[in-house]
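# Notes for the structure review
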Amino acid sequence: QVHVVESGGGLVQAGGSLRLSCVASGNIFSHNVMGWYRQEPGKQRELVATFASGGFINYADSVKGRFTISRDNDKNTVYLQMNSLRPEDTAVYYCYVRNIGFVAQDYWGQGTQVTISS
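These numbers were taken from a predicted model, which means no experiment stands behind them.

### Digging into the overall build of the protein chain
From N to C terminus, the protein chain includes zero helices and eleven strands. Along the protein chain, from the amino end to the carboxyl end, the secondary structure elements read β-β-β-β-β-β-β-β-β-β-β. Taken along its principal axes, the extent of the C-alpha atoms in the protein chain is 45 × 25 × 25 Å. The burial tally for the protein chain puts 42% of its 118 residues in the buried class.

### Considering the nonpolar core
Within the largest apolar cluster, 28 residues are counted, with the highest numbers of intra-cluster contacts made by Trp-36, Val-48, Phe-67, Leu-80, Met-82 and Tyr-93. Elements that contribute at least two residues to this core include exactly strand 1 (2–7), strand 3 (18–26), strand 4 (32–39), strand 5 (46–52), strand 7 (67–72), strand 8 (77–82), strand 9 (91–100) and strand 11 (112–117). Not counting the four nearest positions on each side in its chain, Val-48 is found in contact with Trp-36, Tyr-37, Arg-38, Asn-58, Tyr-59, Ala-60, Val-63, Phe-67, Leu-80 and Tyr-93.

### With respect to the sheet that holds strand 8
What the four strands build is an open sheet, ordered 1-3-8-7; its pairing is antiparallel. In this open sheet, the two strands that pair with only one neighbour each are strand 1 and strand 7. For this sheet, the mean inter-axis angle between neighbouring strands, taken without regard to orientation, is 15 degrees. In this sheet, strand 8 lies alongside strand 7 in antiparallel orientation, the contact comprising six bridges. Directly across from Ser-70, in strand 8, lies its bridge partner Tyr-79.

### What to know about the packing of aromatic side chains
For the structure on display, the rule yields three aromatic pairs. Arranged with centres 5.1 Å apart and planes meeting at 90 degrees, the rings of Tyr-37 and Tyr-96 form a pair that is edge-to-face. Remark: Tyr-96 occurs in strand 9 and Tyr-37 occurs in strand 4; sequence separation between them is 59 residues. Centroid distance Tyr-37 to Trp-108: 5.2 Å. Interplanar angle 70 degrees. Geometry classified as edge-to-face. Within this pair, whereas Tyr-37 is found in strand 4, its partner Trp-108 is found in strand 10 (residues 104–108), the two being separated by 71 residues in sequence.

Basis of the calculations
Residues numbered from 1 in each chain as written. Predicted model: local features only at pLDDT ≥ 70, side-chain atom pairs only at ≥ 80, totals over all residues. Heavy atoms only, no water. Helix = DSSP H or I, 4+ residues; strand = E, 2+ residues; numbered from the N terminus. Buried < 20%, exposed > 50% of the residue type's maximum accessible area, 1.4 Å probe, protein only. Core = buried A, V, L, I, M, F, W, Y, C linked by side-chain atoms within 4.5 Å. Contact = heavy atoms within 4.5 Å. Pairing = 2+ DSSP bridges. Axes fitted to C-alpha atoms, helices over the stretch in contact; angles between N-to-C directions. Phe/Tyr/Trp six-rings, centres within 6.5 Å; stacked < 30°, edge-to-face > 60°.

Laid out in structure tokens, this is it:
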């Protein structure tokens, strides 16, 4: 129903930057949330940042001041600008889309690897 594809991951040194992109296609509702989660080796998936269609933005405390989420609604695309990267940011980053109707339906991308070397 909704296809989600991330890109932009890679290997950078600590202090560097990366910009992730995610394009969603299919049946995307006008009321929705797009955002990013990540999963570090041996740990559970955690929220990074979300951006609701109504404008509400939420960041994890660990990335505030370093990461910026943005949306291009005409292209159904969400971005994550990551600056001042740290080794602990190393993870697989997953884009997600939540369609909001009577109930919420979540869709996930395949993930993109981000590796930060010290």
